[in-house]
Every structure is written in C-alpha cells, then in structure tokens.
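Structural overview for review
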Amino acid sequence: MYKRQVVDNKNRFKIQCNHTATHLLHHALQQVLGDHVEQKGSRVSSESLRFDFSHFSKLDGNDILKVENFVNSRIENSIELEENRNIPLKEALDKGATGLFGEKYGDVVRTIKFGNSYELCGGTHASNTSELWQFKIINQGAIASGIRRVEAITYDSVKNYYNSTIQEYKQIKKYRKSNLGQVQKLGLVDKNGRPLDG
C-alpha cells in the first residue's frame, strides 16, 4: 500500500519567500558592511530565516535599518527571478555568481538571480521579490569569533509581528493611562501624561 505525499502549498510558498530573502539579505550585508561578508550558514523555515556571516562587530541600529531598507527596496521593485538550471560552473563564476565557501559543486550548476544578487543555489524561491511583502530583522548575535547571526522574517510573519507589536503598544498605553496618578507621583510624567525630562 502506497502513501500519498501531499505538498502544503501555503507552507512551501512561505519557505520560498524566506529562502529568497536570504539571497537579498546576503547582497544587502555586502553592500552595507563590505565585501568581506561571506555566508557561513543558513536555515530557512516557513516562519523565519537565519543567516550566518563573517563580520567583526555587532550591527548597530543604523546598519540594521540600512540592510532592511536595502532588502525592502528590492521587494518594492518587484524583481523577477532569473533562473538558469544548466550552466557550466566556470561560466557562472566568471559572470559573478557567488557560492558557499568550501562547498563542492559539479561541473554544471544552477544559478538564481534577483537583480544584482546572483548565486549558485539549488533551493526553492519566489518567482518575484514582491511576493515577500516585507522583510524585518528580529534578532542578531554572535555565534563564534568573527561570525554573526541574523534572524529575520517575511510575508505573514511580518504581518503577525506588526500586529503583535501594535497590541503590546495598546496594552502599555492602557496601563499607563490607568496608572497615570501613580506615575505622576514618581515625577516621571506631567499632568497630561507626557514624560518629564530627567
């Protein structure tokens, strides 16, 4: 008896969005931080993506904003996927395609291109960058000396993130309003609830 394999198209679509985002993120990090940035690993799921790369320091708020804006501008520009399933490795590299350092590739490879992002890759991708809706970095950290890790989200996960943030803001605002008298006694806000300068 054979079991029928069923593909969850919604789940697959979200994985495609997050995988595409790793390509755009890699390119963005190189543009914002410098050519020394190399991919050291990645993980893609339907909910989020993780990207490890070489860099010597923590990304500050300005760097994160620049990277997010870079990726989101590519999403807004609705860049079509350019895929080549059978191209000689040497030709792909000569044309500027990048691959994972230390990875062994065959004589014929598959390339994925979104604008100036051009990589050797065998995974599944969005057909157009606009499908990602939006890109948001939610976490960063160091996993080894000189190796940083960024965690990010796209598509539905960004919508859920923003909705959750709005709800948290409303709860804080509600709490602050209901406890305004106590906060005023501490000298933190004026009678209108505006923060006082320390």
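I will try to describe carefully the structure that is included in this document. (Residues numbered from 1 in each chain as written. Predicted model: local features only at pLDDT ≥ 70, side-chain atom pairs only at ≥ 80, totals over all residues. Heavy atoms only, no water.)

1. A look at the overall build of the chain
Operational definition: What counts as a helix is a DSSP run of H or I of at least four residues, what counts as a strand is a run of E of at least two, and both are numbered from the N terminus. The cut-offs for exposure are 20% and 50% of the maximum accessible area for each residue type, with area from a 1.4 Å probe on protein chains only; residues under the lower value are buried, those over the upper are exposed, and the others partly exposed. Residue contacts are counted whenever heavy atoms from the two residues lie within 4.5 Å of one another. Note that accessible areas follow from Shrake-Rupley with a 1.4 Å probe, and for residues the cover is restricted to the protein chains shown.
Of regular secondary structure, the chain possesses five helices and seven strands. Reading the secondary structure of the chain in the N-to-C direction produces α-β-β-α-β-α-β-β-β-β-α-α. Residues classed as buried in the chain amount to 36% of the 198 residues present. Considering only intrachain contacts with a sequence separation of at least 6, the fraction spanning at least 24 residues in the chain is 58%. Of the roughly 12,600 Å² of accessible surface on the chain, a fraction of 49% belongs to carbon and sulfur atoms.

2. Topic: the nonpolar core
Note that soluble globular proteins tend to have their nonpolar side chains buried in a common cluster. Stated formally: Buried Ala, Val, Leu, Ile, Met, Phe, Trp, Tyr and Cys residues form a nonpolar core when they are joined through side-chain atoms within 4.5 Å.
Ranked by size, the top nonpolar core spans 28 residues in total, and within it Leu25, Leu29, Phe53, Leu132, Phe135 and Ile137 carry the most contacts. Of all elements in the fold, only helix H1 (9-33), strand E2 (49-54), helix H2 (61-76), strand E4 (108-114), strand E6 (135-144) and strand E7 (147-154) reach the threshold of two or more residues within this core. The element contributing the most residues to this core is H1, with seven residues. Leaving out residues up to four positions away in the same chain, Phe53 has contacts with Leu29, Leu33, Val37, Glu38, Gln39, Lys40, Leu59, Gly146, Ile147, Arg148, Arg149 and Val150.

3. Topic: the layout of surface pockets
Quick note on the threshold: Cavities and pockets were defined on a 1 Å grid built over protein atoms only: a cavity is a set of grid points that admits a 1.4 Å probe from which the probe cannot escape, a pocket is an open set flanked by protein on both sides within 12 Å along at least five of seven lines, and lining residues are those with an atom within 4 Å of any such point. Grid points are joined across faces, edges and corners, and a volume is the space filled by probe spheres set on the points.
Reported here for the largest pocket is a volume of approximately 220 Å³. Elements with a minimum of two residues in the lining of the largest pocket: H1, strand E1 (39-44) and strand E5 (117-120). In terms of residue count, H1 provides more of the lining of the largest pocket than any other element does, four residues in total.

4. A few points about the side chain of Ser54
Note the following rule: What qualifies as a polar contact is a pair of N or O atoms within 3.5 Å, subject to a donor-acceptor requirement within protein and to the restriction that residues adjacent in sequence count only when both atoms come from side chains.
The residue Ser54 is located in strand E2 in this model. Take Ser54: its relative accessible area is 14%, and that puts it in the buried class. At a separation of 2.9 Å, a polar atom in the side chain of Ser54 contacts the main-chain carbonyl oxygen of His36. Setting aside anything within four residues of it in sequence, one finds Ser54 in contact with His36, Val37, Glu38, Lys40, Gly146 and Ile147.

Just distances and angles here, no functional claims.
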